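Fold and geometry: a report
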Amino acid sequence: RNEVSAMTPTEKAERTQERHIVVFRLNDTLFALDIRSVQEIVQQSDIVLVPGAPPFIMGIVNLRGGIMAVVDTKRLLGIGETSSDKVLVMVAQIGEHLVGFTVDEVEQVTRVASDSIEPVSDLVSSEEARRLEGILKLDGKLVLLLDANRLLDEETIEATMSQSASPVTQRR
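Fair warning: this is a prediction, and the values are worked out from it, not measured in the lab.

As a further point, take the overall build of the protein chain. When its secondary structure is counted, the protein chain shows 5 helices and 12 strands. Relative to its full complement of 172 residues, the protein chain shows a buried share of 41%. Long-range contacts, defined here as pairs at least 24 residues apart, represent 60% of the contacts in the protein chain between residues at least 6 apart. Accessible surface computed for the protein chain: about 9700 Å², of which carbon and sulfur atoms make up 48%.

Structure (structure tokens):
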């Protein structure tokens, strides 16, 4: 008797469940976030430096009257640095806050079967694996699925937002 026929209807539905993801490029690597985490994608300039913020925080921006921290995603993941003139920012909800993550390019918004997401292998360090939800193949290419809620901790966001009340300098 095969494994699928032994499942309950609920288990079958969960196994074939689809996920909507936003696929984006950083350098030459494809990453993705669950679309439920992504609010919008905006072109952003006028990023204001926050003195004392962690190196991966590019600064803060005014997004329709609200203050949002902008994260240099490449720096956060240890794969380089984003140039700071005009950046493409994927706005995600992390806990109570909107946080912008820099991306080089948005490739596509697509659906993938939940069971096509492979677990992270032992080749990845536990620190890196903590941020990854899994790995999937899309059009023959590997895509690293990030877990938005594990990219940054709430304390880092809170600290950055509270430091933004102090004097700031404009990033050029």
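Next, the rest of the story.
This next bit is on the side chain of Thr-82. Relative to the helices and strands, Thr-82 is located in the loop between helix H2 (73–77) and strand S7 (87–94). A polar atom in the side chain of Thr-82 sits 2.8 Å from the side chain of Asp-72. A distance of 3.2 Å separates a polar atom in the side chain of Thr-82 from a polar atom in the side chain of Thr-102.

Any two side chains of opposite charge can pair, so long as their charged atoms come close to each other. Counted according to the given criterion, the structure contains 9 salt bridges. As a salt-bridge pair, Glu-133 and Arg-19 come within 2.7 Å of each other at their nearest N and O atoms. With Glu-133 in strand S10 (residues 132–138) and Arg-19 in strand S1 (residues 18–26), this pair connects stretches of sequence that are 114 residues apart. Classification of Arg-19 by relative accessible area gives buried; the value is 14%. Of the charged contacts, one joins Glu-81 and Arg-75 as a salt bridge, the two residues approaching to 3.1 Å between their closest N and O atoms. What emerges from the salt-bridge pattern is a single network uniting Arg-19, Asp-34, Arg-36 and Glu-133.

Moving on, we come to the packing of aromatic side chains. In the structure shown here, the tally under the stated rule is 1 aromatic pair. Each ring, one from Phe-24 and one from Phe-31, has its centre 6.0 Å from the other, and the planes form 20°; the classification is stacked. As far as the burial class goes, Phe-24 and Phe-31 line up, both buried.

The next thing to look at is the nonpolar core. Grouped together as the largest cluster of nonpolar side chains are 26 residues, with contacts concentrated most on Phe-24, Leu-33, Val-71, Phe-101 and Leu-146. Listed by contribution, the elements that provide at least two residues to this core are S1, strand S2 (29–34), strand S5 (57–63), H2, S7, strand S8 (97–103) and helix H4 (148–151). Here Val-71 is in contact with Phe-56, Ile-57, Met-58, Leu-76, Val-99, Gly-100, Phe-101, Thr-102 and Leu-152, once residues within four sequence places are set aside.

The strand order across the open sheet formed by 5 strands is S9-S1-S2-S11-S10, and the pairing between neighbours is mixed. At either end of the open sheet lies a strand with only one pairing partner, and these are strand S9 (105–113) and S10. Taking the axes of each pair of neighbouring strands and ignoring which way they run, one obtains an average angle of 30° across the sheet. Pairing analysis gives 3 bridges linking S2 to strand S11 (residues 141–146), with the strands arranged parallel. Bridging from a neighbouring strand, Ala-32 pairs with Leu-145 of S11.

How each quantity is defined
Residues numbered from 1 in each chain as written. Predicted model: local features only at pLDDT ≥ 70, side-chain atom pairs only at ≥ 80, totals over all residues. Heavy atoms only, no water. Helix = DSSP H or I, 4+ residues; strand = E, 2+ residues; numbered from the N terminus. Buried < 20%, exposed > 50% of the residue type's maximum accessible area, 1.4 Å probe, protein only. Contact = heavy atoms within 4.5 Å. Areas by Shrake-Rupley, 256 points an atom, 1.4 Å probe, with all protein chains shown as cover. Polar contact = N/O pair within 3.5 Å; in protein donor to acceptor, adjacent residues only side chain to side chain. Salt bridge = Lys/Arg side-chain N within 4 Å of Asp/Glu carboxyl O. Phe/Tyr/Trp six-rings, centres within 6.5 Å; stacked < 30°, edge-to-face > 60°. Core = buried A, V, L, I, M, F, W, Y, C linked by side-chain atoms within 4.5 Å. Pairing = 2+ DSSP bridges. Axes fitted to C-alpha atoms, helices over the stretch in contact; angles between N-to-C directions.

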